[in-house]
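# Overview (structure and organization)
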Amino acid sequence: MFENLKKISVPVPGEISKKPLSVNLVGETICDEKFDIRRECSDLISLEYIVDGSGTLEINGQTLKPEKGDVFFLPLGSRHHYYSQKENAWHKYFISFYGKMADALIENYLPENTYLFKGAFLEKNFRRVFDIAFNTESLAETEQLIGVELFKIFSSLYEKRTVEQLDFADKIKRNIDNHLDDEFSLDTVCKSLNYSKNHIINVFYEKFGKTPYQYYLESKISLAKDYLLNTNLTVSEISVALSYSNPQYFSLCFKKMTGYSPRNFRLNAKM
């Protein structure tokens with residue numbers, strides 16, 4: 001087994017109340033058949049990212065199978081046992097931490113009694129934590145920079161969990177909402193969600209009563225209204241921001257949807 005470990009700080013009485021975040025350990029492990037960790041009541045909080053390989057995590061009555069791209073979470077006080085698969089050993093990064101910031105992130109970003117996050121693919125973030133730990137001299141700066149990366153990691157886990165809980169029509173809608181300032185491409189939506197055009201159109205229409213393209217047009221005009229009412233951007237600047245081919249085409253589309261030109265819509269709203 002290969003392990004590269006960096007001790008950042010050691011918990012001392014009263015320190016948790018003074019610092020929002022303290023980092024115990026950061027490291028990288030390439031496991032072998034001897035890798036086998038048991039804790040009856042864990043004295044640490046840890047996030048571990050599987051770069052490669054597979055294995056087993058038994059935790060608080062659950063048996064889970066972390067593999068490449070997954071993150072697993074070991075909370076304080078948990079009873080756990082985890083080990084790597086012999087023929088396909090884990091290569092993983094890990095970080096152990098504590099403090100009020102850690103408690104808040106766990107409470108607000110992770111669902112209760114959930115210890116495995118499949119397909120997180122956060123190697124870049126965990127590698128960044130590793131690099132900070134081994135290349136930053138100041139303890140305060142180390143923990144501050146790692147705190148930023150931890151927030152990104154927790155946010156990504158929360159976002160992925162939220163998206164997974166949406167039904168497929170809502171996932172299509174979310175995909176379109178995230179690209180309102182781009183030109184619409186059903187091919188791009190299909191590639192992103194890995195489904196055919198007919199399936200995406202039918203699923204979306206069944207729930208929302210309109211095609212994805214109709215929803216895109218309406219939502220784009222709604223966003224244009226927000227720009228007109230709440231910013232000082234010119235009509236030309238708004239057309240550029242929303243990826244219309246030119247201001248004239250933007251004005252034509254806006255009037256077709258609302259009955260007003262963008263300029264008259266803004267003027268009437270101010271009267």
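Cut-offs used in this document
- Residues numbered from 1 in each chain as written.
- Predicted model: local features only at pLDDT ≥ 70, side-chain atom pairs only at ≥ 80, totals over all residues.
- Heavy atoms only, no water.
- Phe/Tyr/Trp six-rings, centres within 6.5 Å; stacked < 30°, edge-to-face > 60°.
- Helix = DSSP H or I, 4+ residues; strand = E, 2+ residues; numbered from the N terminus.
- Buried < 20%, exposed > 50% of the residue type's maximum accessible area, 1.4 Å probe, protein only.
- Lys NZ or Arg CZ within 6 Å of the ring centre and 35° of its normal.
- Salt bridge = Lys/Arg side-chain N within 4 Å of Asp/Glu carboxyl O.
- Expected span 1.5 Å × (residues − 1).
- Arc of directions from axis to C-beta.
- Axes fitted to C-alpha atoms, helices over the stretch in contact; angles between N-to-C directions.
- Parallel < 35°, antiparallel > 145°, perpendicular 65-115°, else oblique.
- Left-handed = near helix turned anticlockwise from the far one by under 90°.
- Contact = heavy atoms within 4.5 Å.
- Nonpolar A, V, L, I, M, F, W, Y, C, P; charged D, E, K, R; others polar.
- Lys, Arg positive; Asp, Glu negative; His and termini not counted.
- Core = buried A, V, L, I, M, F, W, Y, C linked by side-chain atoms within 4.5 Å.
- Pairing = 2+ DSSP bridges.

## Details of the packing of aromatic side chains
Applying the stated criterion across every chain yields a total of 21 aromatic pairs. For the ring pair F72 and Y82, a centre distance of 5.3 Å and an interplane angle of 65 degrees mean the geometry is edge-to-face. With F72 in strand β7 (residues 71-74) and Y82 in strand β8 (residues 80-84), this residue pair connects regions lying 10 residues apart in the sequence. The class of Y82 is buried, set by a relative accessible area of 3%. Taken together through their ring pairs, the aromatic side chains of Y244, Y249, F250, F254 and F265 make up a single cluster. Over the ring of F134 we find K6, and its NZ or CZ is 5.6 Å from the ring centre.

## Quick notes on the pattern of salt bridges
What the rule picks out here adds up to 15 salt bridges. By sharing partners, the salt bridges in this structure join E67, D70 and K118 into a single network.

## A short note on helix α3 (residues 123-135)
A rise of 1.5 Å per residue sets the reference length of α3, with its 13 residues, at 18 Å; its end C-alpha atoms lie 18 Å apart and thus fit the reference within 8%. What α3 keeps buried is the set N125, F126, V129, F130, I132 and A133. Seen end-on, α3 carries its buried residues on one side only, within an arc spanning 165 degrees. For α3, the exposed residues set more than 90 degrees away from the buried face come down to K124 and N135.

## Some words on the packing of helix α5 (residues 168-177) against helix α6 (residues 186-193)
Between α5 and α6, the least distance of the axes is 11 Å, while the angle of their chain directions is 130 degrees. When the interaxial angle is binned, α5 and α6 end up oblique. Of the two possible hands of crossing, α5 and α6 adopt the one that is right-handed. Contacts between α5 and α6 pair F168, I172 and N175 from the former with V189, S192 and L193 from the latter. Residue composition of the contact of α5 with α6, grouped by class: 4 nonpolar, 2 polar and no charged.

## Regarding the side chain of R266
Within the element layout of this structure, R266 appears in helix α11 (residues 262-270). Buried and unpaired, R266 has E237 as its nearest opposite-charge partner, separated by 7.5 Å. Not counting the four nearest positions on each side in its chain, R266 is found in contact with Y227, L228, T231, N232, L233, T234 and I238.

## Observations regarding the nonpolar core
In terms of nonpolar packing, the biggest core is built from 42 residues, with V26, L47, V71, I95, F97, F126 and I146 touching the most fellow members. In contact with I95, not counting residues within four places along its chain, are V23, L25, V26, I45, S46, L47, F126, V129, I146 and L150. L180, V189, C190 and F204 belong to the second-largest nonpolar core, a separate cluster that totals 12 residues.

## A word on the sheet that holds strand β10 (residues 116-117)
Read across the sheet, 6 strands follow the order β1-β2-β9-β4-β7-β10 without closing on themselves; strand pairing throughout is antiparallel. What marks the edges here is a single partner per strand, and that holds for β1 (2-7) and β10. Here α3 sits on the sheet in contact with β1, β2 (22-30), β4 (45-52), β7 and β9 (91-98), set at roughly 115 degrees to β2.

## Remarks on the pairing of β8
Note on strand geometry: in a regular strand, side chains alternate between the two faces of the sheet. Burial analysis of β8 places 4 of its 5 residues in the buried class, the great majority of the element. Note that strand β3 (residues 36-39) and β8 share 4 bridges and pair antiparallel. Note that in β8 the partner of R38 across the bridge is H81. Relative to β8, strand β5 (residues 55-59) runs antiparallel, the two being bridged by 5 bridges. Across the sheet, E58 pairs through a bridge with H81, a residue of β8.

## Describing the packing of helix α8 (residues 212-230) against α11
For the pair α8 and α11, the least separation of the axes is 9 Å and the interaxial angle reads 50 degrees. The angle between the axes of α8 and α11 places the two elements in the oblique class. In terms of crossing hand, the pair formed by α8 and α11 is right-handed. Taken together, the residues of α11 that come into contact with α8 (itself represented by K225, Y227, L228 and L229) are P262, F265, R266 and A269. Across the contact of α8 with α11, the residue classes break down as 6 nonpolar, no polar and 2 charged.

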